[in-house]
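Listed here are the chains, written in short residue letters.
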Amino acid sequence: MNPERIIDFIRKMFQEAEGFIPLHTPYFGGNEKKYLLDTIDSTFVSSVGAYVTQFEKMMCDITGAKYAIAIVNGTAALHLSMVLAGVGYGDEVITQPLTFVATANAVAQAGGVPVFVDVDRDTMGLSPTALEAFLQAETIINAEGQCINKTTGRHIAACVPMHTFGFPARIDEIVNICHRYHITVIEDAAESLGSYYKGRHTGTFGMLGTFSFNGNKTVTCGGGGAIVTNDETVARHAKHISTTAKIPHAYEFTHDEVGYNYRMPNLNAALACAQLEQLDAFVENKRVLANAYAQFFEGSDIQFVGELSDSTANYWLNTIILPDHVQQQVFLEMSNMRRVMTRPIWKLMNRLPMYCHCQHGPIGNAEWLEARVVNIPSSVRPNFLEK
Ligand SMILES: *Cc1c(COP(=O)(O)O)cnc(C)c1O
């Protein structure tokens, strides 16, 4: 399909004939100002405050998880989850090569080493088939019941599938496989708030799930994150180490393990609460746009990525697959020149200097997607919001 036709269609969808069209902008149409002013009036702007607690309750309601812990950002939520899962110095963590760099960085920050396993082409998330093949060929279970990488001799402590652009990975199969190999699952659900797999919210299948509320995500609070879990002990530990591991006492400072200052401030939580109130409307609005894109690309040589029949995606970033790498580059060049913001999918983790030495299995699907995928404008369109 001619790039000009696509650019014209995007302009039509955003009712923007000439101006710049961003990839994803936040929309503040609810109680954001009111709640923010509340926190200032109350003086509770930092890590203790009513909105932090309310935010955690709302995250439980939305995801169906028993416990939610407010965290300062999505990367910190991932890092803390590594610590909670027992990832220690020299342990290995399986993740996908096709992800935002924060996933791999969190592994490294915990002292771990990422191992990259391929994605599925349709979900763009970790492939259960590739995972099973890797574990079967490359690992053994030792006398203590730990999964050991035969090549490196290291313990594979965790696995972090990521729900790419809000499309759920085949998470139930991934969790089953990891269970058989005694590997803890941490879901990187940073992009998939409002996305469901077989009726259950993403992030609630593994022992831990993490979310991000960064400025470019479906809902934002400036910067923010969350951890969800159904395990009470893990939840308590998460809250403890995210708040400097302080033992409660009327006035003394005692800390019983290495702690972090990772709690979300009340200011951000106020914004998060106001945004979460609008989550359903945002996702509905984004799904209408995705539907229009799907119809537009139908029957063309460009594939618009849709949700699988057993999942519901939030369509955080709409995704198209160009026929080849040359056409991907031509489209990126033309659209950005014409002030319609588009972006390629991330460069694979195993190409980055700090992770190029990490082990990886066959990654043909990740490479195939890397050469072809482009994200197109996906913001909530206020003119079409149900009030
Ligand atoms: C946004 C994002 C993160 C990090 O979240 P921050 O809040 O920006 O730290 C982690 N993983 C993925 C896949 C993301 O898209």
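Just so it is clear, the model here is predicted, and its values are computed rather than measured.

## Side note on the overall build of the protein
Thought 1: When helices and strands are counted, the protein shows twelve helices and 16 strands.
Thought 2: Here the C-alpha atoms of the protein give a radius of gyration of 21 Å, agreeing with the 21 Å that 2.2 N^0.38 yields for 387 residues.
Thought 3: Seen along its three principal axes, the alpha-carbon backbone of the protein occupies a region of about 65 × 60 × 35 Å.
Thought 4: Classification of the 387 residues of the protein by burial places 56% in the buried group.
Thought 5: Across the protein, the fraction of contacts at a sequence separation of at least 24, relative to all contacts at a separation of at least 6, is 70%.
Thought 6: Accessible surface computed for the protein: about 16300 Å², of which carbon and sulfur atoms make up 54%.
Thought 7: Computed over 29 positive and 39 negative side-chain charges, the inter-centroid distance for the protein is 3 Å.

## Some points on the site of the ligand
Thought 1: As a matter of local geometry, the ligand sits amid 15 residues, with G74, T75, E191, S212 and K217 nearest to it.
Thought 2: Note that an oxygen atom of the ligand is positioned 2.7 Å from one of the backbone N or O atoms of G74.
Thought 3: Between the ligand and the protein, one listed contact pairs an oxygen atom with a side-chain N or O atom of S212 at 2.7 Å.
Thought 4: Protein burial of the ligand: of its 380 Å² of free accessible surface, 92% is covered by the chains.
Thought 5: Elements represented by at least two residues in the shell around the ligand include exactly α4 (74-84) and α5 (101-109).
Thought 6: Sorting elements by how many residues they give to the shell around the ligand places α4 first, with three residues.

## Considering the packing of aromatic side chains
Thought 1: Per the stated rule, a full pass over the model turns up 15 aromatic pairs.
Thought 2: Grouped by ring-pair contacts, the aromatic residues F9, F167, Y293, F296, F297, F304 and Y315 constitute a single cluster.
Thought 3: Of note, R121 hangs over the ring of W368, and the distance from its end group to the ring centre comes to 3.9 Å.
Thought 4: The residue whose ring lies beneath R381 is F384, and the NZ or CZ to ring-centre distance is 4.2 Å.

## Quick look at the nonpolar core
Thought 1: By size, the foremost hydrophobic cluster in this structure holds 42 residues, and its most contacted members are F165, Y293, F297 and I320.
Thought 2: When contributions to this core are tallied by element, the ones reaching two or more residues are α1 (3-13), α10 (279-297), β14 (318-321), α11 (325-337), α12 (364-372) and β16 (373-376).
Thought 3: Summarising the domain contributions, this core has at least three residues from each of domain 1 (3-25 + 278-385) and domain 2 (32-276).
Thought 4: Aside from chain neighbours lying at most four places away, what touches I320 is F297, I302, Q303, F304, F331, R372, V373, V374 and I376.
Thought 5: Grouped together as the second largest cluster of nonpolar side chains are 32 residues, A189, V228, A272 and F282 included.

## What about the packing of α1 against α10?
Thought 1: Between α1 and α10, the shortest axis-to-axis distance is 12 Å and the interhelical angle comes to 155°. Relative to α10, the element α1 is oriented roughly antiparallel. Crossing hand, α1 versus α10: right-handed. Where α1 approaches α10, its residues R5, I6, F9, I10 and M13 are matched on the opposing element by L289, A292, Y293, F296 and F297.
Thought 2: Class assignment of the residues belonging to the contact of α1 with α10 gives a composition of nine nonpolar, no polar and one charged.

## Looking at the pairing of strand β6 (residues 156-160)
Thought 1: Burial of β6 is extensive: five of the five residues sit out of reach of the surface.
Thought 2: As paired elements, strand β2 (residues 92-95) and β6 share four bridges and run parallel to each other. By the bridge assignment, V93 is partnered in β6 with A158.
Thought 3: Taken together, the two bridges between β6 and strand β7 (residues 184-188) define a ladder with parallel strand orientation. What sits directly across from C159, in β7, is V185.
Thought 4: As for the winding sense of the linkage, the β-α-β connection from β6 through helix α7 (residues 171-180) to β7 is right-handed.

## What to know about the sheet that holds β6
Sheet strands associate in pairs through backbone hydrogen bonding, adopting either a parallel or an antiparallel arrangement.
Thought 1: Read from one edge to the other, the open sheet built from seven strands follows the order β1-β11-β10-β7-β6-β2-β3, with strand pairing classed as mixed. Across the chains shown, the open sheet's two edge strands, defined by having one partner strand only, are β1 (67-71) and β3 (113-116). Across the sheet, the axes of successive neighbouring strands diverge by a mean angle of 25°, strand direction being ignored.
Thought 2: Note that β1 and strand β11 (residues 225-229) share five bridges and pair antiparallel. Within the sheet, the bridge partner assigned to I71 lies in β11 and is G225.

## Some points on the UniProt feature "active site" (unreviewed entry) in the protein
Thought 1: Taken from the UniProt record, the annotation "active site" (unreviewed entry) applies to K217.
Thought 2: If you trace the backbone, K217 turns up in the loop between β10 (208-212) and β11.
Thought 3: Take K217: its relative accessible area is 10%, and that puts it in the buried class.
Thought 4: Contacts of K217, omitting those with residues within four sequence positions, involve H24, A190, E191, S212 and W316.

## Some remarks on the pattern of salt bridges
Thought 1: Under the criterion given, the structure shown has twelve salt bridges.
Thought 2: Residue R170 pairs with D120 through a salt bridge whose shortest N-O separation is 2.8 Å. Note that R170 is positioned in the loop between β6 and α7 and D120 in the loop between β3 and α6 (128-138), a separation of 50 residues in sequence.
Thought 3: With a shortest N-O distance of 2.7 Å, E307 and R287 are connected by a salt bridge. With a gap of 20 residues between them, E307 in the loop between β12 (303-304) and β13 (311-312) and R287 in helix α10 connect regions that are remote in the sequence.
Thought 4: Looking at E307, the relative accessible area reads 27%, which means it is partly exposed.

## Regarding α5
Thought 1: Within α5, burial applies to A102, T103, A104, A106 and V107.
Thought 2: Next to the buried residues of α5 lie α4, β2, β3, β6 and β7.

Conventions adopted
Residues numbered from 1 in each chain as written. Predicted model: local features only at pLDDT ≥ 70, side-chain atom pairs only at ≥ 80, totals over all residues. Heavy atoms only, no water. Helix = DSSP H or I, 4+ residues; strand = E, 2+ residues; numbered from the N terminus. Rg over C-alpha atoms; globule rule 2.2 N^0.38 Å. Buried < 20%, exposed > 50% of the residue type's maximum accessible area, 1.4 Å probe, protein only. Contact = heavy atoms within 4.5 Å. Areas by Shrake-Rupley, 256 points an atom, 1.4 Å probe, with all protein chains shown as cover. Lys, Arg positive; Asp, Glu negative; His and termini not counted. Charge placed at Lys NZ, Arg CZ, Asp CG, Glu CD. Near = heavy atom within 4 Å. Polar contact = N/O pair within 3.5 Å; in protein donor to acceptor, adjacent residues only side chain to side chain. Phe/Tyr/Trp six-rings, centres within 6.5 Å; stacked < 30°, edge-to-face > 60°. Lys NZ or Arg CZ within 6 Å of the ring centre and 35° of its normal. Core = buried A, V, L, I, M, F, W, Y, C linked by side-chain atoms within 4.5 Å. Domains from an automatic or database assignment. Axes fitted to C-alpha atoms, helices over the stretch in contact; angles between N-to-C directions. Parallel < 35°, antiparallel > 145°, perpendicular 65-115°, else oblique. Left-handed = near helix turned anticlockwise from the far one by under 90°. Nonpolar A, V, L, I, M, F, W, Y, C, P; charged D, E, K, R; others polar. Pairing = 2+ DSSP bridges. Right-handed = clockwise from strand over helix to strand, strands pointing away. UniProt positions renumbered as here; feature names shortened; annotations may be inferred. Salt bridge = Lys/Arg side-chain N within 4 Å of Asp/Glu carboxyl O.

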